[in-house]
Amino acid sequence: MVSLLPYIAVCCGITLAATTPIESSRFSNGYVGLLSHKLEVFSVAWSSNGKFVASSSNDNTIKVYDMGQAGKAILELKTNPFVDGSPVSVAFSPDSSKLAIGCGRGRVAVMTLATKSFTLLRGLDRVAKSIRFSHDGRMVAVGSTTKAMVWDLAAGTSFRLPTDAAVESIDFSPDDRALAGACDDGHVRVWELSTRLLRIDIENAHPGGALAVAFAPQGGFLYSGGEDKDVAIYDLALNSIVKRIGHDDAVKTVAFSADGKYFASGSADKKLRIFTTGDLADPRLQTTMIGHTDEVNSVAFSPGAKALVSGSKDKTVRVWEVGTGKLRGEL
């Protein structure tokens, strides 16, 4: 059991900094393009109330943008590279009141946005590659280079899930009863949280390494991406991969819209693709977005699925129209 003690920012090694003036240019659609990060963008997230987008970068900063103010950067957090490492992953709580942050040296914290106070989650000692809140907001899970860990915020406890592989990406099942992990040994694993036992092991999901995973919100299917350039579609009822859809390079990120009607993938080929999922076993390509000049590391849909945000190795955070695939602006 681990105690979840509240910390203010400086106690976490994370320091709050007022956003400095940033050169900007207004786009015709009302979004403001900001010269955002100085180095690679690792992760992006869009809050469920639609108001905020967050990004984390190798420049040791996390930025929060107010989409109601044309994408204005309203908050900047700086991590201590010697204590925290770079912030690798971010995720909003279901009620949009908190932001979970996973860092390169195993530091995991949950920030309450209204008060800017932190709760430090202990027990991780390596890179927090992926972080997620459960759908009920009760749990936070992290995939890291040494383990998958889950913290029960209400009970103040934590536990580790059995694996010897690095867990590159994680996702909770729609009912929060299971956690899926994309692992660097090419497996995609699904653990039952009540028993903490491995229930599904897709051994050859992605030769070379699995990099991303997402449950379909409707249930019944699990999508994953990997070094083999494929998105693998796994039917949970049939217990098998029923289809593969490809990119021209490693698939680094996958995400569903909240209603499950759309699916997006981002790749080291610098492209994003959006699919319609009327048939989850056979999604249809709707559009391919080209604009990033380096690998796409992370994608997230807006709550109404009208927009998609992406973060890239090219240092930019971009917002795209889902219906047309057009670039709406840079944050």
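A brief look at the structure comes next. Keep in mind that this is a model prediction, so the values were computed, not measured.

### Remarks on the overall build of the chain
Summing up its helical and strand segments, the chain has zero helices and 32 strands in all. The buried share among the 331 residues of the chain stands at 57%. Excluding contacts between residues fewer than 6 apart, the proportion of contacts in the chain whose partners are at least 24 apart in sequence is 44%. Of the roughly 13,100 Å² of accessible surface on the chain, a fraction of 49% belongs to carbon and sulfur atoms.

### Focus on the sheet that holds strand 17 (residues 167-172)
Hydrogen bonds along the backbone pair up the strands of a sheet, which may run parallel or antiparallel. Strand order in the open sheet made by the four strands is 17-18-19-20, with antiparallel pairing throughout. Pairing within the sheet leaves two strands with one partner each, and these edge strands are strand 17 and strand 20 (197-202). In this sheet, adjacent strand axes meet at a mean angle of 25° when their direction is disregarded. When strand 17 meets strand 18 (residues 178-183), the two strands line up antiparallel, connected through five bridges. Counted as the bridge partner of Asp171 is Ala180 from strand 18.

### As for the pattern of salt bridges
Following the criterion strictly, the structure yields 16 salt bridges and no others. As a salt-bridge pair, Lys243 and Asp282 come within 2.3 Å of each other at their nearest N and O atoms. Taken together, the residues span a long stretch of sequence, with Lys243 in strand 24 (residues 240-246) and Asp282 in the loop between strand 27 (271-276) and strand 28 (284-290) at a distance of 39 residues. Since its relative accessible area comes to 26%, Lys243 is described here as partly exposed. A salt bridge links Asp248 to Lys271; the nearest nitrogen and oxygen atoms lie 3.1 Å apart. With Asp248 in the loop between strand 24 and strand 25 (251-256) and Lys271 in strand 27, this pair connects stretches of sequence that are 23 residues apart. Accessibility expressed as a relative area gives 47% for Asp248, which makes it partly exposed.

### Focus on the nonpolar core
Soluble globular proteins tend to bury their nonpolar side chains together. Core analysis: the largest hydrophobic core is formed by 17 residues, its most contacted members being Leu77, Val90, Phe92, Leu99, Ile101 and Met111. Contributions of two or more residues to this core are made by strand 6 (52-57), strand 7 (61-66), strand 8 (72-79), strand 9 (87-92), strand 10 (98-103), strand 11 (108-112) and strand 12 (117-121). Ranked by the residues each element gives to this core, the list is headed by strand 10, at three residues. Other than its neighbours up to four places away in sequence, Leu99 contacts Ala54, Ile62, Val64, Val90, Ala91, Phe92, Ala109, Val110, Met111 and Leu113.

### Some details on the pairing of strand 32 (residues 327-330)
Where strand 31 (residues 317-321) lies against strand 32, three bridges are found, and the strand directions are antiparallel. From the neighbouring strand, Trp320 faces strand 32, where its bridge partner is Leu327. The loop that links strand 31 with its antiparallel partner strand 32 comprises five residues; one of these, Gly325, has a positive phi angle of about 80°.

### Focus on the sheet that holds strand 27
Taking strand neighbours across the sheet as the criterion, the four strands line up as 25-26-27-28 in an open arrangement whose pairing is antiparallel. Strand pairing shows two members of the sheet lacking a second neighbour, strand 25 and strand 28, which therefore form its edges. Mean inter-strand twist for the sheet, computed between neighbouring axes without regard to direction, equals 20°. Looking at chain direction, strand 26 (residues 262-267) and strand 27 are connected through five bridges and run antiparallel.

### Looking at the packing of aromatic side chains
Centre-to-centre distance and the angle between the planes together describe a pair of aromatic rings. Evaluated as defined, the whole model comprises four aromatic pairs. A ring pair is formed by Phe256 and Phe263, whose centres lie 5.1 Å apart and whose planes are at 55°; its orientation type is tilted. Assigned by exposure class, Phe256 and Phe263 land together as buried. Ring geometry for Phe263 versus Phe275: centroids 6.0 Å apart, planes at 45°, classification tilted. Linking Phe263 in strand 26 with Phe275 in strand 27, this pair joins segments that are twelve residues apart in sequence. Both residues of the pair, Phe263 and Phe275, count as buried. Put simply, the rings of Tyr223, Phe256, Phe263 and Phe275 touch in pairs and so form one group of aromatic residues.

### Here we look at unusual backbone geometry
With a phi close to 60°, Lys116 is a non-glycine residue in the positive phi region. By the secondary structure assignment, Lys116 is in the loop between strand 11 and strand 12. The exposure class assigned to Lys116 is partly exposed, which follows from its relative accessible area of 35%. In this structure, Lys270 is a non-glycine residue whose phi angle is positive, near 80°. Here Lys270 shows up in the loop between strand 26 and strand 27. With relative accessibility at 38%, the residue Lys270 sits in the partly exposed group.

### Observations regarding the environment of Tyr223
Its place among the elements puts Tyr223 in strand 22 (residues 221-226). Considering only alpha carbons, one finds Tyr223 and Ala255, 32 residues apart in sequence, at a separation of 8.6 Å. Excluding residues that lie within four positions of it along the chain, Tyr223 makes contacts with Ala212, Val213, Ala214, Val231, Ala232, Ile233, Val254, Phe256, Phe263, Thr277, Leu280 and Pro283. In terms of polar contacts, Tyr223 uses its side chain to reach the backbone carbonyl oxygen of Leu280, at 2.5 Å.

Cut-offs and rules
Residues numbered from 1 in each chain as written. Predicted model: local features only at pLDDT ≥ 70, side-chain atom pairs only at ≥ 80, totals over all residues. Heavy atoms only, no water. Helix = DSSP H or I, 4+ residues; strand = E, 2+ residues; numbered from the N terminus. Buried < 20%, exposed > 50% of the residue type's maximum accessible area, 1.4 Å probe, protein only. Contact = heavy atoms within 4.5 Å. Areas by Shrake-Rupley, 256 points an atom, 1.4 Å probe, with all protein chains shown as cover. Pairing = 2+ DSSP bridges. Axes fitted to C-alpha atoms, helices over the stretch in contact; angles between N-to-C directions. Salt bridge = Lys/Arg side-chain N within 4 Å of Asp/Glu carboxyl O. Core = buried A, V, L, I, M, F, W, Y, C linked by side-chain atoms within 4.5 Å. Phe/Tyr/Trp six-rings, centres within 6.5 Å; stacked < 30°, edge-to-face > 60°. Polar contact = N/O pair within 3.5 Å; in protein donor to acceptor, adjacent residues only side chain to side chain.

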